[in-house]
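Letter by letter, the chains look like this.
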Amino acid sequence: MFKRWKEESILPGFGLSMGYTLLYLSLIVLLPLVGLMIKSMELSWGEFWAIVTAPRVLSAYRVSIGTALFAALANVGIGLLTAWVLVRYPFPGKRFIDGLIDLPFALPTAVAGISLTTIYAKSGIVGGFLDQFGIKAAFSQLGITIALIFIGLPFVVRTVQPVLQELDPEVEEAAASLGAGCWRIFRKVIFPELLPALTTGFALAFARGIGEYGSVVFISGNMPMKTEIAPLLIMIKLEQYDYAGATAIALVMLALSFLLLLLINLLQWKFARRFQA
């Protein structure tokens, strides 16, 4: 069966390219994951369970997952609006703003964290304004969410933007000629086309945010049981030479991330089938 499938391919070099792909995945992805699991196996089940269910660790899980989830949801709305403006409307400085979208990709995460802390601290421009209303941005979970929105926004914009550019305006014009209003056109014509891209952007932003360290460690304040994130707790374990404890926490984060991304992909597949039907 493999030989027949290989003969039907019109592209040369299948064996070499497949071998390179498997080698790359093994060295870069699979081997580190296997090493992580092997290292955590040095612990007994009781020791492993005691580490990953400690109150401080559970609090770090809640902070990391909760802030990443809220930031990804916020990025869906902000990213959709940003992509819509960049695609649908001409205005001065459009290319400059379009280039700024990719700034979080190029900017070192530590620089982003320091910059956001400076702006959103009580002595900063935005932080001082928010403090007048009793809102504490820096050194709180709100600050963590802001940092994750900053680093996750490009994922949503860059996945939605090409889909908006490929949408045929004649379909919207036909819907309008049949009496559909703007909201109905968006809900029935545009949104079904954007939903898979929005789901993908959400998954990418969430996956990036759940393991983010550099841009969060400065603005979070790193207060145990309040603003301490799981990646920071892993670093603390490593600095204490508790490698088994660090790998145990990392393994749980890996499993949670995998399950959540699997759920998101299943939802994306379900929505795509429903709208295609």
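Each remark here, short or long, concerns the structure printed above.
Residues numbered from 1 in each chain as written. Predicted model: local features only at pLDDT ≥ 70, side-chain atom pairs only at ≥ 80, totals over all residues. Heavy atoms only, no water.

Moving on to the overall build of the protein. In terms of helices and strands, the protein carries 14 helices and zero strands. Principal-axis analysis of the C-alpha atoms gives the protein an extent of 70 × 65 × 30 Å. Counting the 277 residues in the protein, one finds 36% classified as buried. When the accessible area of the protein is evaluated, it comes to approximately 16,600 Å², of which 70% is carbon and sulfur surface. (Helix = DSSP H or I, 4+ residues; strand = E, 2+ residues; numbered from the N terminus. Buried < 20%, exposed > 50% of the residue type's maximum accessible area, 1.4 Å probe, protein only. Areas by Shrake-Rupley, 256 points an atom, 1.4 Å probe, with all protein chains shown as cover.)

Okay, helix α11 (residues 182–210) next. Over its 29 residues, α11 runs only 36 Å from end to end, short of the ideal 42 Å by more than 12%, given 1.5 Å per residue. The largest bend along α11 reaches roughly 55° and is located at Phe191, with the proline Pro192 sitting one to four residues downstream. (Expected span 1.5 Å × (residues − 1). Bend = angle between axes of the 7 residues up to and from the residue.)

This part is about the packing of aromatic side chains. All told, the structure shown has nine aromatic pairs when counted by the stated rule. Ring centres of Phe105 and Phe155 lie 5.2 Å apart, and the angle between their planes is 75°; on these two criteria the pair is classed as edge-to-face. With Phe105 in helix α6 (residues 103–106) and Phe155 in helix α9 (residues 141–166), this pair connects stretches of sequence that are 50 residues apart. Measuring from centroid to centroid gives 6.0 Å for Trp183 and Phe186, while their planes differ by 25°, and the two rings are stacked. Separated by three residues within a single helix, Trp183 and Phe186 lie in helix α11, roughly one turn from each other. Over the ring of Trp84 we find Arg88, and its NZ or CZ is 4.5 Å from the ring centre. (Phe/Tyr/Trp six-rings, centres within 6.5 Å; stacked < 30°, edge-to-face > 60°. Lys NZ or Arg CZ within 6 Å of the ring centre and 35° of its normal.)

Next up on the list: the packing of α9 against α11. Running from N to C, α9 and α11 cross one another at 155°; their axes reach a closest spacing of 8 Å. Between α9 and α11, the crossing angle belongs to the class labelled roughly antiparallel. Crossing of α9 over α11 shows right-handed handedness. Across the interface between the two elements, Leu148, Ile151, Gly152, Phe155, Val156, Thr159, Val160, Val163 and Leu164 from α9 touch Glu193, Leu194, Ala197, Leu198, Thr200, Gly201, Phe202, Leu204, Ala205, Arg208 and Gly209 from α11. Each residue belonging to the contact of α9 with α11 can be placed in one class, and the counts come to 13 nonpolar, five polar and two charged. (Axes fitted to C-alpha atoms, helices over the stretch in contact; angles between N-to-C directions. Parallel < 35°, antiparallel > 145°, perpendicular 65-115°, else oblique. Left-handed = near helix turned anticlockwise from the far one by under 90°. Contact = heavy atoms within 4.5 Å. Nonpolar A, V, L, I, M, F, W, Y, C, P; charged D, E, K, R; others polar.)

Moving on: the pattern of salt bridges. Scanning all chains against the criterion turns up five salt bridges. Note that Asp102 is salt-bridged to Arg158, the shortest N-O span being 2.9 Å. On the criterion of sequence distance, the pair formed by Asp102 in the loop between α5 (94–100) and α6 and Arg158 in helix α9 is long-range, its members being 56 residues apart. Taking the relative accessible area as the measure of exposure, Asp102 reaches 29% and is therefore partly exposed. Given the relative accessible area of 24%, Arg158 is considered partly exposed. Between Lys237 and Asp242 there is a salt bridge, with its nearest N and O atoms 3.7 Å apart. One connected set of salt bridges, linked through shared partners, spans Asp98, Asp102 and Arg158. (Salt bridge = Lys/Arg side-chain N within 4 Å of Asp/Glu carboxyl O.)

All right, on to unusual backbone geometry then. Even without glycine at this site, Phe139 takes up a positive phi of about 60°. Classification of Phe139 as partly exposed rests on a relative accessible area of 34%. The backbone of Tyr241 shows a phi angle near 60°, a positive value even though the residue is not glycine. Relative to the assigned elements, Tyr241 resides in the loop between α13 (230–239) and α14 (243–276). According to the relative accessible area criterion, Tyr241 is exposed, its value standing at 64%.

The next point concerns the nonpolar core. Ranked by internal contacts, the top residues of the largest apolar core, which has 62 residues, are Tyr61, Tyr120 and Val160. Contributing elements (two or more residues each) for this core: α3 (45–52), α4 (55–88), α7 (109–120), α9, α11, α12 (214–217), α13 and α14. Residues contacting Tyr61, with those up to four places away along its chain left out, are Val52, Gly66, Ala230, Ile249, Val252 and Met253. (Core = buried A, V, L, I, M, F, W, Y, C linked by side-chain atoms within 4.5 Å.)

A few words now on the side chain of Ser59. Position of Ser59 relative to the elements: it lies in helix α4. Ser59 gets classed as buried once you look at its relative accessible area, which sits at 4%. With residues near it in sequence (within four places) discarded, Ser59 still touches Met225, Lys226 and Glu228.

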